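Take a look at the letters that make up each chain.
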Amino acid sequence: MSPRVLFLLLLCAVPLSLSFGLMNGSLPLAPIEVWYALLGNNEDTATEVLWQLRLPRVLAAFVCGGLLALSGVLLQALLRNPLADPYILGISGGAAVGALAAMLLGAGLATTQLSSFTGALLATVAVFGLGFQHGERNIYRLLLTGVVLSAGCGALVSLLLTLAQGEQVKGMLFWLMGDLSHAQGLPFAWFMLLAVGSCAIVWSGGLDVLAGGLDKAAALGVAVGRWQAGLYFAAAVLTVTALQLGGSIGFVGLMIPHAIRLLGVNAHRWLIPLSTLLGGSFLVLADTLARMVWSPLQLPVGIFTALLGVPVLLWLLSRRR
Amino acid sequence: MQAFLEARKLTVAIGAKMICHELDLVVRPGECWGVLGQNGVGKTTLLRTLAGLHMPQSGMVSWNGVVLTAQTRRNLARHLGVLLQNEGGEFWGSVQEYVLLGRFPHRASLFGYSVQDEALAQQALAQMELEGLAQQPYNTLSGGEQQRAAIAQTLAQQVQCYLLDEPLQHLDLRHQAQTMQVFSRLKEQGCALMMVLHDTLWAQRCCDHVLMQFADGHVLHGTAQELLTRTHLEALYQCSLRELSVEGERWFVAGV
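To start, this report covers the structure provided alongside it. As the structure is a computational prediction, the values presented were derived from the model and not from experiment. (Residues numbered from 1 in each chain as written. Chains lettered and ligands numbered in written order. Predicted model: local features only at pLDDT ≥ 70, side-chain atom pairs only at ≥ 80, totals over all residues. Heavy atoms only, no water.)

**Considerations on the sheet that holds strand β10 (residues 219-223) of chain B**
All names here are of chain B. Where we set the bar: Strands are treated as partners if at least two bridges between them are detected by DSSP. Secondary structure elements follow DSSP: runs of H or I no shorter than four residues count as helices, runs of E no shorter than two count as strands, and numbering proceeds from the N terminus. Each axis is a line fitted through C-alpha atoms, taken for helices only over the stretch in contact, and angles between the N-to-C directions span 0 to 180 degrees. What makes two residues a contact is simply this: any of their non-hydrogen atoms within 4.5 Å.
Read from one edge of the open sheet, 6 strands run β6-β7-β8-β3-β9-β10, paired in mixed fashion. Edge positions in the sheet fall to β6 (80-83) and β10, since each has one partner strand and no second. Going across the sheet, the axis of each strand differs from the next one's by a mean of 15 degrees, ignoring polarity. Against the sheet, helix α1 (residues 43-50) makes contact with β3 (32-37), β6, β7 (161-164), β8 (192-196) and β9 (209-213), and its axis sits at roughly 155 degrees relative to β8, the strand it touches most.

Structure (structure tokens):
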């Protein structure tokens with residue numbers, strides 16, 4: 001499919017997914033009600049639900065999906081590995097340990113956020129410091145360092161889950177599976193997405209070159225070391241921002257870039273905006289279903305990203321020659 | 001004549017293995033160098049060092065009188081092209097997009113390649129007889145076709161000096177001849193070339209200079225005429241060779 005057509009299709013999908021998210025939930029609203037609530041100054045329940053709950057929620061879902069998909073594209077280019085996702089370098093592991101430890105100690109939301117942020121930061125710095133030693137940019141070492149650190153964090157997460165009791169466990173599981181109900185820091189997240197996204201599009205030509213091999217990229221005039229460090233920190237910032245919004249929501253960062261690739265788009269100039277748009281719309285859809293299906297109970301969105309995405313990707317994969 | 005590429009007192013070693021010791025080398029415009037040596041003597045490493053992709057133990061390499069390390073990679077890539085052996089890079093796009101990457105160092109706009117860039121990529125595709133495959137995904141090509149695409153990418157770079165690591169690998173006879181013809185034309189236009197070869201016949205036909213690398217790090221270089229002899233080649237490959245003369249050309253065949 002031509003990237004331009006795909007871009008137009010996805011541009012149409014954005015308002016559709018957002019309105020779907022605004023209409024549905026424990027209190028279903030008709031399109032006309034949504035319209036009036038958005039425009040009017042009425043003081044009815046619909047207006048309150050929409051402005052206080054739904055609009056921030058769908059915007060959070062969209063930006064979170066975009067952040068994860070963009071981070072996935074950048075990491076797949078950096079690691080030159082199709083299995084790379086935003087969590088492969090141990091950033092989410094560090095954040096999970098931080099968040100769960102705070103929860104175990106009975107900390108409030110703000111402290112939990114701060115703690116998970118600290119964990120993510122420590123993991124990011126540790127992986128970069130250990131993986132990129134002596135100025136020698138060895139991608140395999142970086143990748144393995146991340147995977148090993150993730151495994152260590154996984155063990156700590158299991159330990160924390162074992163130590164936790166009753167209600168605590170549920171909160172922890174929601175964090176681990178990804179949950180957008182406590183999303184905070186929305187303006188910052190949008191700023192990061194737009195800033196990193198536009199930089200990535202501007203420098204997309206270098207990403208294409210980098211994906212073709214490190215020596216080749218250097219021979220074609222790319223300052224490989226600086227690019228790698230830049231990509232690593234850009235992806236880390238995106239991932240940390242997404243983790244702060246919705247915990248570790250799986251599947252989006254790994255699979256959305258592949259979905260776009262399977263549709264025949266490979267140039268990063270297109271891959272970046274298309275993945276971001278698709279990731280955003282997809283997460284809005286998944287999050288709305290998570291609110292609808294068991295309403296008024298809300299399920300972790302991570303369940304639905306996988307349930308929705310797996311059949312689509314399997315179909316795309318089997319369709320390919 | 002001014003030197004394009006110059007190595008001064010260049011010492012390269014990997015671990016205990018000496019690749020070259022205090023090598024002095026000058027490559028001038030319009031020269032074509034053949035690099036010969038047994039497998040594993042470090043021909044690729046030497047080429048990578050000359051391209052600034054590998055740090056030497058001591059000594060320096062300069063391009064146009066300026067040390068490589070004092071130049072940006074981008075500036076260097078506008079003048080110096082490198083064809084690498086099995087890059088191991090995965091490329092997801094089409095052959096045309098792959099060849100177009102050769103224009104990256106010349107790209108004026110951040111947002112894409114110009115019409116001229118695309119025309120030069122097209123011309124390079126035509127030179128390597130790849131027009132028919134231009135729209136195919138790169139990773140569906142055969143080994144020889146991928147090699148031709150890699151050469152086309154380097155040609156699209158339009159540089160003054162080409163460092164080519166086994167440019168003829170995987171190529172069939174027709175494309176070997178055609179590729180060497182393209183290189184000869186570049187040489188006539190005043191470009192400098194340095195290529196790793198295993199075929200002494202192509203070295204005789206196309207190279208005016210030869211660099212021989214020995215296993216102990218000893219390097220012999222000079223004109224093709226004085227070095228492409230049976231004595232030198234037997235010492236280089238450490239086997240006895242038979243010299244045949246066919247239509248005025250000397251063939252060196254390893255004795256069994």
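There is more to say after this.
**Some words on the sheet that holds strand β5 (residues 66-67) of chain B**
Each strand in a sheet pairs with another by means of backbone hydrogen bonds, the pair being arranged parallel or else antiparallel. Residues and elements named next belong to chain B. The 4 strands lie next to each other as β2-β1-β4-β5, forming an open sheet whose pairing is antiparallel. The open sheet has two edge strands, β2 (17-27) and β5, and neither has a second partner. Judged from the 2 bridges that link them, strand β4 (residues 58-63) and β5 form a sheet pairing that is antiparallel. Bridging across to β5, S62 finds its partner in V67. α1 rests against β1 (5-14), β2 and β4 of the sheet, and its axis sits at about 135 degrees to β1.

**Brief notes about the pattern of salt bridges**
Defined as follows: Salt bridge, as applied in this entry: a Lys or Arg side-chain nitrogen positioned within 4 Å of an Asp or Glu carboxyl oxygen. Accessible area is worked out with a 1.4 Å probe on protein chains only. A residue is then buried under 20% of its type maximum, exposed over 50%, and partly exposed in between.
Counted under the stated rule, the structure contains 10 salt bridges over all chains. D215 of chain A is the partner of R48 of chain B in a salt bridge, and the nearest nitrogen-oxygen pair spans 2.1 Å. Taken as a pair, R48 of chain B in helix α1 and D215 of chain A in helix α10 (residues 214-219) lie in two separate chains rather than in one. Taking the shortest distance from any N to any O, the salt bridge between D287 of chain A and R291 of chain A comes out at 3.8 Å. Taken as a pair, D287 of chain A and R291 of chain A lie in helix α13 (residues 268-292) at a separation of 4 residues, close to a single helical turn. Considered together, D287 of chain A and R291 of chain A belong to a single accessibility category, that of buried residues.

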